[in-house]
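Report on the structure
What follows is the residue order along each chain.
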Amino acid sequence: MGEEKIKPRQLRISYFCPMTNQAADLKDIASYAKKYGYVFPSSEIYDGLSAVYDYGQNGVALKDNIKRYWWKAMVQLNGDIEGLDAAIFMHPTTWKASGHVDAFNELLIDNRDTQRRYRADWLIENYIAELNAKIGKARDCERADTQLKGCIEQRDRVAERMIAALEKDDLEALRRLITDLGIADPISGSKNWTDVRRFNLMFATQLSASADSSPDLYLRPETAQGAFVNFLNVQKTARQKLPFGIAQIGKAFRNEIVARQFIFRMREFEQMELQYFVRPGEALKYYEEWREKRMRWHLSLGLGPAHYRFRDHDKLAHYADAASDIEFRFPFGFKELEGIHARTDFDLRNHQKYANKKLQFFDPVSNQRHVPHVVETSVGLDRLFLAVFSVALQEETLADGSTRTVLRLPHILAPIQAAILPLVKKDGLPEIARSLFGDLKYDFNVTLDDKDTIGRRYRRQDAVGTPYCITIDHDTRQDQSATLRNRDTMEQERVPLTRIPSLLAERISMKAQLRKL
Ligand code: ATP
């Protein structure tokens, strides 16, 4: 087999500054998520496991609703997209062919005094970000041109040296740059650095029957390869023609080095990916189309357009025609939420080569065989969860001067859609509440809550993000109506009990939202 050097699928060079201190409120978000049963640190009774989290009763429901909304938009509504659930374990050669074994690396440097480990490129990017901040300030105060010019020149020189070192894979040059710039450990100020080393991000394990002790299996670092190796299985059994797509939701694992941003960067996470297979020459057209479609999908969640922006990759991997990220304004700044890539025929061609099997589509119109090109959209489910959760969490001052904490989750994503609250635990009100609960539970996620004053119960449901509360009071016995309270406006309306199921269906309707896409 000709050993053409394969590059990793993801070019892991980020040109933004990932080391800025996370906003204090990320900590608040994490503790709120724990308090209300959304996200718990993994194995907390043993002091937790770094960058691994468990989703609690409300977290799993929110995650499930996000998945359902994505799946409906991608698979159910599109005749040209098929679903897949490939196994996490794959034949080890998969990861040779994809480039992950040889090149899915981070470049690490340790500080000898503090024993802290950093990504070498991030240390330099941080340095560049500081220069950028100085440049910004100097521009704002219209400072002397020479000072500004000096800063700009220095930044460009540093960026050039870093890019040259990364492109040549020259780890010594990277280390020299760190020492020449006098970059210190951001925590301790020590400059006592080790060499720069390469660290593969895949978790390796073994089949139990393996005779030797060398690692021969990997936990997949992305879901995409499952779609590539099943390309023909799906195409033939679903009788699809180009263009068509394979969509998948599943776990991925990366041994991330710097993983300090709650569920933004985890070691075990979930991806929702589409591989869209197209005729050679048509990839850019579909890339543009998917870019727009995916942004429309995000905007439909109603978090506000100011939270999103595109970032086009100016530096492309050699196999990519075009690539961009949808970035989201997280509490610690704009960061990647979803990647959209026009990936040429790189993956299928490499699998053809390594497996020695054809992965081609026979086009009956042109009477030709092609290796399709691929447009990929890849969004992290946990990052999307954090995006939604961080915007939804709001502290409000009400007209009477009191405050309330409200989790304004998009209605279609809320774990509990309605809470049924009998005003008192007597006079037949609990019975009416239970009967309504019995009617609604088949179509909605509902809960019954009869403890504490009604005001406290409203606050509790606001805090957990429940869009509607239905209060059963003494009048209900006479007029067969209840009070429907809206979480966001706090407005209350009187509605007949028999109208409640259809009202909820109208107001919490994925269908209505999907129709607008
Ligand atoms: P980053 O540059 O932030 O490491 P990436 O470019 O390596 O991300 P991709 O390989 O393109 O990410 O993966 C697609 C999506 O998967 C990302 O946009 C992100 O939402 C999600 N993702 C990637 N790594 C992680 C992680 N460690 N934890 C949570 N989500 C992740």
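Scroll up to find the structure.
Structural notes, computed from the coordinates.

So, how was this worked out
Residues numbered from 1 in each chain as written. Predicted model: local features only at pLDDT ≥ 70, side-chain atom pairs only at ≥ 80, totals over all residues. Heavy atoms only, no water. Helix = DSSP H or I, 4+ residues; strand = E, 2+ residues; numbered from the N terminus. Buried < 20%, exposed > 50% of the residue type's maximum accessible area, 1.4 Å probe, protein only. Contact = heavy atoms within 4.5 Å. Areas by Shrake-Rupley, 256 points an atom, 1.4 Å probe, with all protein chains shown as cover. Near = heavy atom within 4 Å. Polar contact = N/O pair within 3.5 Å; in protein donor to acceptor, adjacent residues only side chain to side chain. Expected span 1.5 Å × (residues − 1). Salt bridge = Lys/Arg side-chain N within 4 Å of Asp/Glu carboxyl O. Pairing = 2+ DSSP bridges. Axes fitted to C-alpha atoms, helices over the stretch in contact; angles between N-to-C directions.

Describing the overall build of the protein
Helices and strands together make up the secondary structure of the protein, namely 17 helices and 23 strands. Per-residue burial over the protein gives 52% buried out of 517 residues. For the protein, long-range pairs separated by at least 24 residues make up 68% of all intrachain contacts whose partners lie at least 6 apart in sequence. Carbon together with sulfur atoms contributes 49% to the accessible area of the protein, which is approximately 24400 Å² in total.

Observations regarding the site of the ligand
Every one of the 16 residues lining the ligand counts as a neighbour, but Arg-254, Arg-265, Met-266, Glu-336 and Leu-337 are closest to it. Measuring from a nitrogen atom of the ligand, one finds a backbone N or O atom of Phe-264 at 3.4 Å. Arg-265 places a polar side-chain atom, nitrogen or oxygen, 2.7 Å from an oxygen atom of the ligand. Here the ligand, which alone exposes 590 Å², has 93% of that area covered by the protein. For the shell around the ligand, the secondary structure elements donating two or more residues are strand E10 (268-278), strand E13 (333-342) and strand E16 (373-380).

Describing helix H12 (residues 381-392)
In a regular helix each residue adds 1.5 Å, so 12 residues correspond to 16 Å; H12 covers 16 Å between its end C-alpha atoms and thus fits that length. Counting buried residues along H12, 12 of its 12 residues qualify, which places the element largely inside the surrounding structure. Every buried residue belonging to H12 is among Leu-381, Asp-382, Arg-383, Leu-384, Phe-385, Leu-386, Ala-387, Val-388, Phe-389, Ser-390, Val-391 and Ala-392, and all of these are buried.

Brief notes about the pattern of salt bridges
Any two side chains of opposite charge can pair if their charged atoms end up close together. Considering all chains together, one arrives at 40 salt bridges under this definition. Here Glu-44 makes a salt bridge to Lys-34, at a shortest N to O gap of 2.8 Å. On the criterion of sequence distance, the pair formed by Glu-44 in the loop between strand E1 (39-41) and strand E2 (53-55) and Lys-34 in helix H1 (residues 24-35) is long-range, its members being 10 residues apart. A salt bridge links Arg-485 to Asp-462; the shortest N-O distance between them is 3.0 Å. Pair noted here: Arg-485 is in strand E22 (residues 481-486) and Asp-462 is in helix H14 (residues 454-464), with a separation of 23 residues, a long-range link. Several salt bridges converge on common partners, so that one network encompasses Glu-396, Arg-404, Arg-408, Arg-459, Asp-462, Arg-485, Arg-487 and Asp-488.

Points about the sheet that holds strand E4 (residues 105-111)
Reading across from one edge, E5-E4-E6 is the order of the 3 strands in this open sheet, with antiparallel pairing throughout. Unpaired on one side and paired on the other, strand E5 (117-119) and strand E6 (193-200) mark the two borders of the sheet. Put simply, the sheet's adjacent strands are angled 35° from each other on average, direction ignored. Pairing between E4 and E6: 6 bridges, direction antiparallel. Following the sheet pairing, Asn-105 is matched in E6 by Asn-200. Sheet contacts for helix H7 (residues 171-180): E4 and E6; angle to E6, the most-contacted strand, approximately 135°.

Regarding the sheet that holds strand E3 (residues 81-84)
Two pairing modes exist for strands in a sheet, parallel and antiparallel, and in both the strands are linked by backbone hydrogen bonds. Spatially, E3-E9-E10-E16-E13-E12-E11 is the arrangement adopted by the 7 strands of the open sheet, whose pairing is mixed. Edge positions in the sheet fall to E3 and strand E11 (308-312), since each has one partner strand and no second. Adjacent strand axes in the sheet meet at a mean angle of 25°, parallel and antiparallel pairs treated alike. Of the strand pairs in this sheet, strand E9 (residues 244-253) and E10 are connected by 10 bridges, and their pairing is antiparallel. Note that in E10 the partner of Gly-250 across the bridge is Gln-271.

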